[in-house]
Amino acid sequence: MMLQHASLRRCAAWLVGLMGMAASLAGCQPGPQQPQCWTSPSPDATSSDTAANTDAGPPFDQESEPREATELSRIVIGLDGSGSLLGHLQAGDNVWIRTLQALQLLTATQPVKTTVTRVGGPVPEPVASLQISANPCFFTGCAPFAPVSSNLPALWRQAQPGQLTILVSDLETDASLTGALVRAIGRSQPEIVGVVAIQAPFNGQVFDPFTGKAAGAMNGNRPLYLLVTGPRDPVEMILRDGAGAFGQVHLQPVYSSLLPVDTGSEEPIYAQQLQLLDDSGQPDPQQGVVGGRVPVGSLGIIPIGNVLTVQVESGQSRQLALSVQGVLGDTQGVAYPPGQLILEQYNPEKKHWQGGTQGVTVEDLRLQNGNFSATVSLDSGLPAGLVRALLPAHRGVEDWWLALSANGHDAGPTEDGALVQPADAPPPLGHALGDDAHHPTEGRTRGLYSLLTSLQASRQGPDAPPAAAFCFAHSPT
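Here's what I pulled together on the structure shown here. These numbers come from a predicted model, not from an experiment.

What counts, and where the lines are drawn
Residues numbered from 1 in each chain as written. Predicted model: local features only at pLDDT ≥ 70, side-chain atom pairs only at ≥ 80, totals over all residues. Heavy atoms only, no water. Helix = DSSP H or I, 4+ residues; strand = E, 2+ residues; numbered from the N terminus. Buried < 20%, exposed > 50% of the residue type's maximum accessible area, 1.4 Å probe, protein only. Areas by Shrake-Rupley, 256 points an atom, 1.4 Å probe, with all protein chains shown as cover. Pairing = 2+ DSSP bridges. Axes fitted to C-alpha atoms, helices over the stretch in contact; angles between N-to-C directions. 1 Å grid on protein atoms, 1.4 Å probe; cavity = no way out; pocket = protein on both sides within 12 Å on 5 of 7 lines; lining within 4 Å. Points joined across faces, edges and corners; volume = space filled by probe spheres on them. Nonpolar A, V, L, I, M, F, W, Y, C, P; charged D, E, K, R; others polar. Contact = heavy atoms within 4.5 Å. Disulfide = S-S within 2.5 Å. Core = buried A, V, L, I, M, F, W, Y, C linked by side-chain atoms within 4.5 Å. Phe/Tyr/Trp six-rings, centres within 6.5 Å; stacked < 30°, edge-to-face > 60°. Lys NZ or Arg CZ within 6 Å of the ring centre and 35° of its normal. Salt bridge = Lys/Arg side-chain N within 4 Å of Asp/Glu carboxyl O.

## What to know about the overall build of the protein
Then, in step 1: A tally of helices and strands in the protein yields eight helices and 22 strands.
Then, in step 2: Every one of the 477 residues in the protein was classed for burial, and the buried ones make up 56%.
Then, in step 3: For the protein, the computed accessible surface area is about 19400 Å², with 48% contributed by carbon and sulfur atoms.

Structure (structure tokens):
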């Protein structure tokens, strides 16, 4: 499967501007980093200024001077010594040895010393070579190795300036240590952070990272990761050459991302479609009227440019599908946890946005090849309203983050990298949620979405604009 990059941006150019509105809304944005949902004034507006240009402020994350590149000083490879990786060693066809060979290919060209450590205890334990991990005691904790858990933060607490740090792990660390891992990486002040993932054969015991207890045996595929930090050039080299190195040892597919995710597009992404859905979730133009003037309080919202409006039959509940390139069905793309989309409603009298959109619910979020699609339910009897649905910057992810993230306990991160329980997690590609949280999950990683979005948040400013914003006006017919 080829890596699909999500066309979601983390700066103002990413935002999905969806509707025009009256100039009386100018100044309603509470801060410079709020999404620019309205780009055109009503025809009867007295000013040509728009809300999109009010208090817009400078683009996020611009630097007055480019940073000087960090010089590579040494390489430290940390091998996760917890028992949850033993299954890769026990799998057939020398999977673990081939993984180590790929790792050697990725680091062989660097003209600096490489140190190998065993990670999981209070401090990393230096070992003679990568190959010493071919001993099952490396993971089970028998002589000469002491038992360890998944104390992954310890690898970065000893990081030095200019160090390229590579962690080889399943990334199912103790849940209580996720925030500590994010903070430890941040304090090591790497120039750049990246992650590489492969699907590797596995035959052994799987553990629940949230309890530390055995969750059952598995004989199948499990994701294995390289979490890489340090100077920009060697980190980018590993991500760029990862597919080739693992391909040489016949381990594929391979996925990779730099954090935060950046597609490089300079043009805004606009949602082009709003459709009404029937009870089975299929587009049905008979359910109401899309487009046309929608009165909301004293405002007259008129469809200009990317304006999306809808009128639904009075007293009837309805589902809407808003999308960049077209509605995605429940077997298409990868699913976001619906709770990651934050809903706000505009108050025309007080001229500001407020949370708590009663009667409006996000039912489904999907991402496929840059197409972001949201299904929203409107309760019956709702008065006319303006709704803004925001995807925070650190939750703008790539498809494979969602496809490899398992259901069960997967939580949304707070700004400091801690976990918030509970939250729904996305299923693998083209599948619905429904796994038992305590059962081994083939091909996926519990806690992955939380960890990667927490790391992404740590690489972004606190006022980073949302990755996406769906805005629409609705009223009864």
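## Observations concerning the sheet that holds strand E13 (residues 318–323)
The strands making up a sheet associate through backbone hydrogen bonding, with each pair oriented either parallel or antiparallel.
Then, in step 1: One open sheet holds the five strands; their spatial order is E8-E13-E18-E17-E14, and the pairing between them is antiparallel. Two strands close off the open sheet at either side, each with one partner strand: strand E8 (273–277) and strand E14 (334–336). Within this sheet the neighbouring strands show an average axis-to-axis angle of 25°, counted without direction.
Then, in step 2: Where E13 and strand E18 (residues 371–378) come together, six bridges link them in antiparallel fashion. In the sheet register, Arg-318 faces E18, and the bridge partner there is Leu-378.

## Let's talk about unusual backbone geometry
Then, in step 1: Between Gln-252 and the following residue, Pro-253, the backbone shows a cis peptide bond with an omega angle of 5°.
Then, in step 2: Within the secondary structure, Pro-253 sits in the loop between helix H6 (232–248) and strand E7 (254–259).
Then, in step 3: Geometrically, the link from Leu-259 to Pro-260 is a cis peptide bond, its omega value of 0° lying close to zero.
Then, in step 4: As for its position among the elements, Pro-260 is in the loop between E7 and E8.
Then, in step 5: The residue Asp-93 is not glycine, and still its phi comes out positive at about 60°.
Then, in step 6: One non-glycine residue with positive phi stands out, namely His-250, at about 65°.
Then, in step 7: With respect to the element layout, His-250 can be found in the loop between H6 and E7.

## Thoughts on empty space enclosed by the protein
Then, in step 1: What the rule picks out here adds up to three cavities of 30 Å³ or more.
Then, in step 2: Of the pockets and cavities examined, the largest cavity occupies roughly 70 Å³.
Then, in step 3: Along the wall of the largest cavity there are twelve residues; nearest its centre are Thr-173, Thr-178, Phe-210, Arg-446 and Gly-447.
Then, in step 4: Across the lining of the largest cavity, the residue classes break down as six nonpolar, four polar and two charged.

## Remarks on the side chain of Gln-311
Then, in step 1: Assignment of secondary structure puts Gln-311 in strand E12 (residues 309–312).
Then, in step 2: You can call Gln-311 buried: its relative accessible area is 18%.
Then, in step 3: Beyond its immediate stretch of four places on either side in the chain, Gln-311 contacts Leu-276, Gly-288, Val-289, Gly-291, Arg-293, Val-294, Ser-475, Pro-476 and Thr-477.

## As for the state of the cysteines
Then, in step 1: Following the criterion strictly, the structure yields one disulfide and no others.
Then, in step 2: In this model Cys-137 forms its disulfide with Cys-142; the gap between the sulfur atoms is 1.7 Å. Sign of the S-S torsion, about -95° for the bond between Cys-137 and Cys-142, identifies this disulfide as left-handed.

## Section: the sheet that holds strand E4 (residues 163–169)
Then, in step 1: Pairing in this open sheet of seven strands is mixed, and the strands run E3-E2-E1-E4-E6-E5-E7 from one edge to the other. The open sheet terminates on both sides in strands that have one partner only, identified here as strand E3 (125–127) and E7. Averaged over all adjacent pairs, the angle separating strand axes in this sheet is 25°, with direction ignored.
Then, in step 2: In terms of strand pairing, E4 meets strand E6 (residues 214–230) through five bridges, oriented antiparallel. Following the sheet pairing, Leu-167 is matched in E6 by Leu-227.
Then, in step 3: In the packing of helix H2 (residues 95–107) onto the sheet, the strands contacted are strand E1 (74–80), E4, strand E5 (192–207) and E6, and the crossing angle to E1 comes to about 165°.

## Considerations on the nonpolar core
Then, in step 1: Residues Leu-227, Tyr-336 and Trp-400 are the most contacted members of the largest nonpolar core, which totals 57 residues.
Then, in step 2: By residue number, the principal contributor to this core is helix H8 (residues 448–458), which donates five residues.
Then, in step 3: Contact partners of Leu-227, with chain neighbours within four places excluded, come to Trp-156, Thr-165, Ile-166, Leu-167, Leu-171, Ile-185, Val-193, Gly-194, Val-195 and Leu-455.
Then, in step 4: Listed in part, the 40 residues of the second largest apolar core include Leu-72, Leu-103, Val-127 and Leu-226.

## A look at the pairing of E7
Then, in step 1: E7 sits mainly inside the fold: five of its six residues count as buried.
Then, in step 2: Here E5 runs beside E7; their pairing, made up of six bridges, is antiparallel. Bridged to Ile-198 within E7 is Val-254.

## A few points about the packing of aromatic side chains
Then, in step 1: Across all of its chains, the model carries eight aromatic pairs by this definition.
Then, in step 2: Measuring from ring centre to ring centre gives 5.7 Å for Tyr-255 and Trp-400, while their planes differ by 20°; the resulting arrangement is stacked. Highlighted residues: Tyr-255 in strand E7 and Trp-400 in helix H7 (residues 399–403), separated in sequence by 145 residues.
Then, in step 3: Among the aromatic residues, ring-to-ring pairing joins Trp-96, Phe-138, Phe-139 and Phe-145 into one connected group.
Then, in step 4: Over the ring of Phe-138 we find Arg-118, and its NZ or CZ is 5.3 Å from the ring centre.
Then, in step 5: Here the basic side chain of Arg-222 rests over the ring of Phe-202, its NZ or CZ set 5.7 Å away from the ring centre.

## Overview of the environment of Phe-207
Then, in step 1: Mapped onto the fold, Phe-207 is located in strand E5.
Then, in step 2: Taking the C-alpha atoms as reference points, Phe-207 and Gly-83, 124 residues apart in sequence, are found 8.2 Å from one another.
Then, in step 3: Sequence-distant contacts of Phe-207, defined by excluding residues within four places in its chain, comprise Gly-83, Ser-84, Glu-172, Gly-212, Lys-213, Ala-214, Ala-215 and Arg-446.

## Comments concerning the pattern of salt bridges
Then, in step 1: This structure, assessed with the given rule, holds nine salt bridges.
Then, in step 2: Note that Arg-318 is salt-bridged to Glu-313, the shortest N-O span being 3.9 Å.
Then, in step 3: Accessibility expressed as a relative area gives 12% for Arg-318, which makes it buried.
Then, in step 4: Notably, a salt bridge pairs Asp-364 with Arg-366, separated by 3.0 Å at the nearest N-O pair.
Then, in step 5: Taking relative accessible area as the criterion, Asp-364 reaches 19% and is therefore assigned buried.
Then, in step 6: Overlapping salt bridges, with partners in common, bring together Glu-172, Arg-222 and Arg-446 in one network.

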